Amino acid sequence: VQAMCDQAHFQGDWDRDLVERVKRGDVVGVRGTPARNKRGELCLVPATVELLAPCMRLLPKEHFGLKDPDLRYRARHVDLMCNPEVR
């Protein structure tokens, strides 16, 4: 489920709670109301966001992916997360 963060519906300090704390790959807990986005997918409009587990090592970006064959064999779990054609 994706979270559609909107500053108008957020109950808290936008900059302190979201912009400074939450980074790509973090696991967050969200409380809010269910809604649908423009494409009709189910999502949450968060009222509060809590950082549950920070990401210690960022995953490779989708655009570049994981190209090194040696690294793909050593870090198989990362390869399975980043490359959908491997699954």
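How each quantity is defined
Residues numbered from 1 in each chain as written. Predicted model: local features only at pLDDT ≥ 70, side-chain atom pairs only at ≥ 80, totals over all residues. Heavy atoms only, no water. Helix = DSSP H or I, 4+ residues; strand = E, 2+ residues; numbered from the N terminus. Rg over C-alpha atoms; globule rule 2.2 N^0.38 Å. Buried < 20%, exposed > 50% of the residue type's maximum accessible area, 1.4 Å probe, protein only. Contact = heavy atoms within 4.5 Å. Pairing = 2+ DSSP bridges. Polar contact = N/O pair within 3.5 Å; in protein donor to acceptor, adjacent residues only side chain to side chain.

Got a minute to help me understand the overall build of the chain in this structure?
Within the chain, the regular secondary structure consists of three helices and three strands. Overall, the chain shows an N-to-C arrangement of helices and strands of β-α-β-β-α-α. For a compact globule of 87 residues, the expected C-alpha radius of gyration is about 12 Å, and the chain comes in at 16 Å, more than 25% above that figure. By its C-alpha atoms, the chain is 45 × 30 × 20 Å across when sized along the principal axes. Burial statistics for the chain: of 87 residues in total, 20% are counted as buried. For the chain, contacts bridging at least 24 residues in sequence account for 43% of all contacts bridging at least 6.

Is there a simple way to think about the sheet that holds strand E1 (residues 2-3) in this case?
Strand pairs in the sheet, formed through backbone hydrogen bonds, run parallel or antiparallel to each other. With mixed pairing, three strands are arranged side by side in an open sheet as E1-E3-E2. Two strands bound the open sheet, and with one partner strand each, they are E1 and strand E2 (27-36). Direction of pairing for E2 relative to strand E3 (residues 42-53): antiparallel, over a ladder of 10 bridges. Residue Thr33 lies in a different strand from E3, and its bridge partner there is Val45.

Looking at this structure, I do not really get the side chain of Asn37. What am I missing?
Within the secondary structure layout, Asn37 lies in the loop between E2 and E3. Within polar-contact distance, the side chain of Asn37 engages the backbone nitrogen of Arg39 at 3.1 Å. Residues in contact with Asn37, not counting those within four places in the same chain, are Gln2, Met4 and Cys43.

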